[in-house]
Amino acid sequence: MQVAKGWPLIVGTALACALTSCTEPAPKVSAASVTTSVPDGAAQVGPSDPLVVTAHRGVLTSVTVTADGGTAVPGELTDGGRRWSSTAPLEFSKTYRVRASAQDAERIPAPPTSSTFTTATPVDEITVDRTRPAAGDEVGIAMPVSIYFSKPVTDRAAVERRLSVEPSVPTEGSFHWMSDEQVNWRPKDYWQPGTTVRVRARLYGVDAGGGVMGTADHEAEFRIGRDQRAVGDVNSHTLTVFQDGQEIKQLPASYGRSVYPTQYGVHVAFEKHTSTRMRSDTWGGPQKGEPGYYDEVLPYAVRISNNGEFVHVNPATVWAQGESNVSHGCVNLSPDNGKWFFDFVQIGDPVEIVGSDRPLTTADGDIPDWTIPYEEYVKGSALYQQ
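What counts, and at which threshold
Residues numbered from 1 in each chain as written. Predicted model: local features only at pLDDT ≥ 70, side-chain atom pairs only at ≥ 80, totals over all residues. Heavy atoms only, no water. Phe/Tyr/Trp six-rings, centres within 6.5 Å; stacked < 30°, edge-to-face > 60°. Helix = DSSP H or I, 4+ residues; strand = E, 2+ residues; numbered from the N terminus. Buried < 20%, exposed > 50% of the residue type's maximum accessible area, 1.4 Å probe, protein only. Lys NZ or Arg CZ within 6 Å of the ring centre and 35° of its normal. Pairing = 2+ DSSP bridges. Axes fitted to C-alpha atoms, helices over the stretch in contact; angles between N-to-C directions. Arc of directions from axis to C-beta. Polar contact = N/O pair within 3.5 Å; in protein donor to acceptor, adjacent residues only side chain to side chain. Core = buried A, V, L, I, M, F, W, Y, C linked by side-chain atoms within 4.5 Å. Contact = heavy atoms within 4.5 Å. pLDDT = per-residue confidence, 0-100. Salt bridge = Lys/Arg side-chain N within 4 Å of Asp/Glu carboxyl O.

Colleague: When you look at the packing of aromatic side chains in this model, what are you seeing that I'm missing?
Modeller: Given two aromatic rings, one states the distance between the centres and the angle between the planes to describe the pair. Counted according to the given criterion, the structure contains 8 aromatic pairs. Here tryptophan 191 and phenylalanine 222 contribute two aromatic rings whose centre-to-centre distance is 6.3 Å and whose plane-to-plane angle is 85 degrees, an arrangement assigned as edge-to-face. Pair noted here: tryptophan 191 is in the loop between strand E14 (182-187) and strand E15 (196-201) and phenylalanine 222 is in strand E17 (residues 218-224), with a separation of 31 residues, a long-range link. Accessibility expressed as a relative area gives 2% for phenylalanine 222, which makes it buried. When the ring centre of tyrosine 148 is taken as reference, the NZ or CZ atom of arginine 130 above it lies at 3.9 Å. We note arginine 186 situated over the ring of tyrosine 377; from NZ or CZ to the ring centre the distance is 5.0 Å.

Colleague: Help me understand the sheet that holds strand E6 (residues 95-103) in this model?
Modeller: Strand pairing in a sheet relies on backbone hydrogen bonds, with the paired strands running either antiparallel or parallel. What the 3 strands build is an open sheet, ordered E3-E6-E7; its pairing is antiparallel. Each having just a single partner strand, strand E3 (59-66) and strand E7 (113-118) make up the two edges of the open sheet. Averaged over all pairs of adjacent strands, the angle between their axes in this sheet comes to 20 degrees, without regard to strand direction. Relative to E6, E3 runs antiparallel, the two sharing 7 bridges. Bridge assignment links valine 65 to a residue of E6, and that residue is valine 98.

Colleague: Help me understand the environment of isoleucine 248, please; the structure alone is not making it clear to me.
Modeller: Structurally, isoleucine 248 is set in strand E20 (residues 246-252). Judged by its relative accessible area of 40%, isoleucine 248 falls in the partly exposed class. Along the backbone, isoleucine 248 and glycine 69 are 179 residues apart, and their C-alpha atoms lie at a distance of 69 Å.

Colleague: Looking at this model, I keep getting lost on helix H3 (residues 335-344). Mind explaining?
Modeller: An α-helical turn contains 3.6 residues, so a residue and the one three or four places further along point in the same direction. Listing the buried residues of H3 in full gives Asn337, Gly338, Phe341, Phe342 and Phe344. Taken around the axis of H3, the buried residues stretch over an arc of 165 degrees, which confines them to a single face.

Colleague: It is not clear to me how the pairing of strand E18 (residues 228-233) should be interpreted in this structure. Could you clarify?
Modeller: Look at any regular strand and the pattern is simple: side chains alternate between the two faces of the sheet. Burial along E18 is one-sided: the residues Gln228, Ala230 and Gly232 are buried and none of Arg229, Val231 and Asp233 is. In terms of strand pairing, E18 meets strand E19 (residues 238-243) through 6 bridges, oriented antiparallel. Within the sheet, the bridge partner assigned to aspartate 233 lies in E19 and is threonine 238. If you look at the hairpin formed by E18 and E19, you'll find 4 residues sitting between the two strands, and histidine 237 has a positive phi there, around 60 degrees. As paired elements, E18 and strand E26 (residues 350-354) share 4 bridges and run parallel to each other.

Colleague: I'm lost on the sheet that holds E19 in this one. Help?
Modeller: Taking strand neighbours across the sheet as the criterion, the 5 strands line up as E20-E19-E18-E26-E21 in an open arrangement whose pairing is mixed. With partners counted over all chains shown, the strands left at the sheet margins are E20 and strand E21 (265-268), one partner each. Averaged over all pairs of adjacent strands, the angle between their axes in this sheet comes to 20 degrees, without regard to strand direction. With 4 bridges joining them, E21 and E26 adopt antiparallel strand pairing. Directly across from glycine 265, in E26, lies its bridge partner isoleucine 353.

Colleague: What's the story with the side chain of glutamine 228 in this structure? I'm lost.
Modeller: By the secondary structure assignment, glutamine 228 is in strand E18. Judged by its relative accessible area of 5%, glutamine 228 falls in the buried class. There is a polar contact of 3.0 Å between the side chain of glutamine 228 and the side chain of aspartate 349.

Colleague: Sorry, what's going on with the nonpolar core here?
Modeller: Side chains that are nonpolar tend, in soluble globular proteins, to be buried together. Grouped together as the largest cluster of nonpolar side chains are 33 residues, with contacts concentrated most on Val145, Ile147, Phe149, Val159, Leu163, Trp191 and Phe222. Mapped onto this core, the elements with two or more residues apiece are strand E11 (145-149), helix H2 (156-160), strand E12 (163-167), strand E13 (173-179), E14, E15, E17 and E21. In this structure, valine 145 is in contact with Arg132, Pro133, Val165, Val183, Asn184, Trp185, Trp191, Val199 and Phe222, ignoring residues within four places of it in sequence. Counting residues in each nonpolar core, the second largest holds 21 residues, with Val38, Ala42, Tyr96 and Ala110 among its members.

Colleague: Is there a simple way to think about the confidence of the model for the protein chain in this case?
Modeller: One rule of thumb: low pLDDT means the predicted coordinates there are not for detailed reading. Predicted confidence across the protein chain gives a mean pLDDT of 91, with 93% of residues reaching 70 or more. Predicted confidence for residues 1-20 stays below pLDDT 50, and this span has 1 contact to residues more than four positions away or in other chains.

Colleague: Can you help me understand unusual backbone geometry in this one?
Modeller: A negative phi holds for most residues other than glycine; trans holds for most peptide bonds. Geometrically, the link from arginine 132 to proline 133 is a cis peptide bond, its omega value of 0 degrees lying close to zero. One non-glycine residue, aspartate 244, lies in positive phi territory at about 50 degrees. By secondary structure assignment, the location of aspartate 244 is in the loop between E19 and E20. A relative accessible area of 42% places aspartate 244 in the partly exposed class. Here tyrosine 300, not a glycine, exhibits a phi torsion of approximately 50 degrees, which is positive.

Colleague: Explain the pattern of salt bridges to me, please; I cannot follow it from the model alone.
Modeller: Side chains that carry opposite charge are capable of pairing whenever their charged atoms lie near each other. By the definition in use, this model includes 16 salt bridges. Salt-bridge contacts for arginine 226 lead to aspartate 244; the nearest nitrogen and oxygen are separated by 2.4 Å. A residue pair is termed long-range when its members are at least 10 positions apart, and arginine 226 in the loop between E17 and E18 and aspartate 244 in the loop between E19 and E20 qualify at 18 residues. Using a relative accessible area of 41% as the deciding quantity, one classes arginine 226 as partly exposed. Salt bridges sharing common partners tie together Glu166, Arg198, Arg200, Glu219 and Glu221.

As structure tokens, this is what we get:
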């Protein structure tokens, strides 16, 4: 009797289920998703770039990044809440955990994202040792930028990508590696006077090769002064000085004798000494005891290359100045003219020597930049044609 009485109820329930669904509606799936700039499980990650968390087809609702010990990494939301970037450098040798959530346009939450990664432990450290010009300098129109590193760079491209030279006036130019520890940057043509130049080396976290990593950034700003130039003609025995395109003075001079010629090409004034000791055995000239050896202190000396070439006062050769070449390669001037030139010249002014039969080359110091044709100079960049 109980079964018989229950049968109509079962039939009625089945009929009701046939007419209206008895299953719950499937929950909607969020269109949003989240990715991070560092893959989950990554190891030996260089901390050179910010960590970035991105929401796709939605916006981020929460981002938490913590290092070992629970230290939180600060960050900021941009792009309407679709992008989060860390605002403090990541540290070396740390494990980071990322937790992020997002929702789509209908506010349906996406599954939360969780990942971990570990930053690199440097084998050794590298920094910018110094730059030339230094911060605050005012220099002449021919001075290239030189960046000196504390250790040799073996991955030049990785480091060069983190370097920038930013003139206040649009200026075409290129990097050129002089050695593993020095890279220069020069404009295609001389700088425009009054230009302000900012140099940045964002080395922190960059692998310079073999696990040697940058541990600090560097920044310097300098200014270009007046357009001042000197042209030394070894055949007319003159040094002609120009300012803002106008000739202002022609000085009688004596250049290197035939066995020790002053080298032709664009030199750059880069040191000034009210007096300096000069010895012929320091640049490959006559050694002590050999004919022509000298060891003397001379006044008002402007260094124009690393191979022993100066523009300086030499009272002993006044008789030859304007008439003949009797020096060991330097530009000799009289006491009055040498003092005038010393006071006039700026560090970074070009001093172009013409008429000689021996060229200035890259072997003659670390500022041979203007002796290299620009189309060849750009090939010295580690990023050439990359």
